[in-house]
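Architecture at a glance
Okay, here's what each chain looks like letter by letter:
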Amino acid sequence: MPKQDQALVAAEITARGGKENEAARELQALGFRVHRVGATISVDAPRALWRSVFAARFAPRRRRSAGSKGRAASASPVSYQVPATLAPLLEGIVFVEPPELF
Amino acid sequence: MAKRTRKARKTRQARGAAVLRAGDRVNAEVVLCSESGDSMFAAGAVVSADNLERYKPPAGRGAETARVLQELGFRVRHIGTFSISVEAPRALWERTFNTRVGKASQPLSTTHPEIGALEYWSHLPDTKFELPRTLQGLADRAYPQRPPILFQSALPPRVAYHHLEVPADVAMVLRADGAHRKGVTGRGVLVAMVDTGFYRHPFYAWHGYSYNATLAPDATNVEQDANGHGTAEAANIFACAPDIDFVGVKMGFNATLAFKTASDLEPAVITNSWGYHLPGITTLPNFLKPLEAAVLEAVNTRGIIVCFSGGNGHIAFPAMMPDVVAVGGVHARPALAGNDFVLEASNYASSFDSLIYPGRHVPDVCGLVGMQPGALYIMLPVPPGSAIDAGVSGGTHPNGDETAGNDGWAAISGTSAASPQIAGVCALLKQAQPGLSPKLAKAILRASARDVTIGASNNGQPAGPGHDGATGAGLVHATVAYELARSVQTRALFTLPPPR
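Residue positions are given per chain, counting from 1 as you read along its sequence in written order. Ligands are numbered from 1 and chains lettered from A, in the order in which they are written. This being a predicted model, a pLDDT of at least 70 is required before a residue's local features are given, and a value of 80 or more before pairs of side-chain atoms are given or counted; all residues contribute to the totals for chains, interfaces and linings.

Attention shifts here to the domain arrangement of chain B. By convention here, the domain bounds are inherited from an automatic or database domain assignment. As far as domains go, chain B holds domain 1 (18–144) and domain 2 (164–486). Measuring from the centre of the C-alpha atoms in domain 1 of chain B to the corresponding centre in domain 2 of chain B gives 51 Å.

Once that is clear, we can look at the nonpolar core. Residue and element names in this part refer to chain B. Counting 121 residues, the largest nonpolar core has Val191 and Val425 as its most contacted members. Counting from the N terminus, the helices are DSSP H or I runs at least four residues long and the strands are E runs at least two residues long. The dominant element in this core, judged by the number of residues it contributes, is helix 11 (residues 415–432), at 10 residues. If we ignore the near neighbours within four places in the chain, the residues touching valine 425 are Leu174, Ala176, Cys240, Leu445, Val476, Ala478 and Ala481. To form a nonpolar core, buried Ala, Val, Leu, Ile, Met, Phe, Trp, Tyr and Cys residues must be joined through C-beta atoms within 7 Å. Any residue with 12 or fewer other C-beta atoms within 10 Å of its own C-beta is exposed, any with 20 or more is buried, and the rest are partly exposed; the C-beta atoms used are placed from the backbone. Within the second largest apolar cluster, 20 residues are counted, among which are Val26, Val31, Leu32 and Phe97. A pair of residues counts as a contact when their C-beta atoms, built from backbone coordinates, are separated by no more than 7 Å.

All names here are of chain A. On the basis of which strands lie adjacent, the open sheet formed by 4 strands has the order 2-3-1-6 and antiparallel pairing. Because the sheet does not close on itself, it has two edges, and the strands there are strand 2 (33–37) and strand 6 (90–95). Averaged over neighbouring strand pairs, the angle between their axes works out to 25 degrees when direction is ignored. The rule for pairing is simple: two strands pair if DSSP sees at least two bridges between them. With 5 bridges connecting them, strand 1 (residues 8–15) and strand 6 associate as antiparallel partners. Across the sheet, glutamate 12 pairs through a bridge with valine 94, a residue of strand 6. Helix axes are fitted only over the stretch in contact, all axes being lines through C-alpha atoms; the angle between N-to-C directions runs from 0 to 180 degrees.

Moving on, we come to helix 7 (residues 229–240) of chain B. In terms of burial, helix 7 of chain B is a largely internal element, 12 of the 12 residues being buried. Burial in helix 7 of chain B covers these residues: His229, Gly230, Thr231, Ala232, Glu233, Ala234, Ala235, Asn236, Ile237, Phe238, Ala239 and Cys240 of chain B.

Let us look at the environment of tyrosine 204 of chain B. All names here are of chain B. Mapping tyrosine 204 onto the fold places it in helix 6 (residues 202–206). A count of 21 C-beta atoms within 10 Å places tyrosine 204 in the buried class. Taking the C-alpha atoms as reference, tyrosine 204 lies 36 Å from aspartate 468; in sequence the two are 264 residues apart. Beyond its immediate chain neighbours, meaning those up to four positions away, tyrosine 204 contacts Tyr209 and Tyr211.

To continue, consider the interface of chain B and chain A. With 31 residues of chain B in contact, the opposing surface of chain A contributes 23 residues. Residue polarity is assigned by list, with Asp, Glu, Lys and Arg as charged and Ala, Val, Leu, Ile, Met, Phe, Trp, Tyr, Cys and Pro as nonpolar; anything else, Gly included, falls into the polar class. Classifying every residue of the side of chain B that touches chain A gives 11 nonpolar, 16 polar and 4 charged. When strand 7 (residues 100–101) of chain A meets strand 13 (residues 274–277) of chain B, the two strands line up antiparallel, connected through 2 bridges. Within strand 13 of chain B, the position partnered with leucine 101 of chain A by the bridge is tryptophan 274 of chain B.

Another point: the sheet that holds strand 22 (residues 409–412) of chain B. Residue and element names in this part refer to chain B. Sheet architecture is open: 3 strands sit in the order 8-21-22, paired in mixed fashion. Only two strands of the sheet have a single neighbouring strand rather than two, namely strand 8 (164–165) and strand 22. By the bridge criterion, 4 bridges tie strand 21 (residues 378–381) to strand 22 in an arrangement that is antiparallel. Its bridge partner lying in strand 22, methionine 379 is registered against alanine 411. In the packing of helix 7 onto the sheet, the strands contacted are strand 21 and strand 22, and the crossing angle to strand 21 comes to about 115 degrees.

Below, the discussion takes up the pairing of strand 1 of chain A. All names here are of chain A. Across the 8 residues of strand 1, 6 count as buried, placing the element largely inside the fold. Summarising the sheet, strand 1 and strand 3 (residues 41–46) pair through 6 bridges and their orientation is antiparallel. Counted as the bridge partner of alanine 10 is aspartate 44 from strand 3.

All names here are of chain B. Looking along the chain, the bond that leaves valine 166 and enters proline 167 is cis, with omega of 0 degrees. Here the phi dihedral of asparagine 98 falls at roughly 50 degrees; this positive angle occurs in a residue that is not glycine. Locating asparagine 98 in the fold gives a position in the loop between helix 3 (90–96) and strand 5 (101–107). With phi around 60 degrees, arginine 175 is a residue other than glycine that occupies positive phi space. Its location among the elements puts arginine 175 in the loop between helix 4 (168–173) and helix 5 (177–181).

Here you go:
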């Protein structure tokens, strides 16, 4: 597997009401690492898994930063699609970006 | 000049860890023969406080042996009770004792081998060693000494420019000493910090602090802090609240997960010296909504006081959330103005009005932050050779901190330092008044702050009399804040005070 595909991408997933555990179980079965189940589900997985399950597309992007370089690399995909099998369980996905240290 | 220094450092790093050469000199300890005839090297001999006298040489033997060694060409460094410290060129050592030594090396620090290694001369195994006739009856044995592994000092290096040290200077300038004198030190209060890692720097052990660390589920190696940020900034909390129980949560990639991990511990206070830069944005990006929810839950459901750094020129989230204590920066000059130091808004720290949360101004209150260009202001403990230690090392202040890049200390600040300072003050308030709500804690911090009237923030907002754009309510006054908090009587809504 190319090195880029192994890079972990983290996300916070909102499950549909009352389906948190079911959603977490399903994601785990698909190979996602589930770290915590609460108001949102914290997960991470290699890019390759996001591609295969959510048809995620990644492209090099930069986000704004007040640091010396002015821009920081973004790890989030530019698009994704919730598969039909997960649609009854998931309400939304947001991808996590690293914070800046102050 | 600074550029040349940086270039040289990069070249050194590219070449790999430096090795300090042994030269031609053997450093050794020559052990004296005892008066009793017993040898501490005899099979089964155990030296203890009870039998130490048994291995003591007679009066005068040390001086006599030193004289012989000197005549042989050795440099005598010290005559001790049991042994003499000497140096000799390798050839002299080998000729005198009819032996051979070989080069060996060891890392300067086993936890940070990347810092470099030190070479030394060592006795080769299975090589003969004979005392010369002139030393027989005087010296029992002689051993080349290997250098110790260096542990970074619990004391900061001395530098000549104006800076603050932890804990004393920060506690004094933030007026925390008065509360400490009254026994209010944060005892019994759990404070959590989410950051890059929490290295076991001797600074924490020597001060006897309760310094603990745990991992966010996606992080590894809890005590490793390659950056140095968490290790450094935690010292600011202890300056204000030395007796807190501290838990650092090392973040992995997902800062939201790390924050939730801290919140799950239900500490009284969580401090965060990080955030996201959101300039010109009127709605919160979706990717930050889980973090927003986690912060709201921590403050409003769990009653945790959550402090966030206001940023260093950043338009910082979550500092801009109305629910948190947003911390800005004030610089205290060494000069006095009346009964306080000359206080000015730090031109390194942020101040702004949020477009996402209308009516919300950052900061609420301020801690201590240096000035541009680099805010090199507070001498803080860092892992030796970490990114911060090496990154600000050398140079001339204010372009470098004038300390070594591997000494485990760095003069830094930013609102990263200010937020944990305020978190420490919050811990004092929670000790005095455990039921204090996050909202009331913030109101007390603001009500007791010292007005800062000069300077301007990184974002250009000026300070002035009263609450102002650059510093909010001003620089925290820990003792007055405690005095306000200790008399608060929390009561249920709509309950009238009892008649007097």
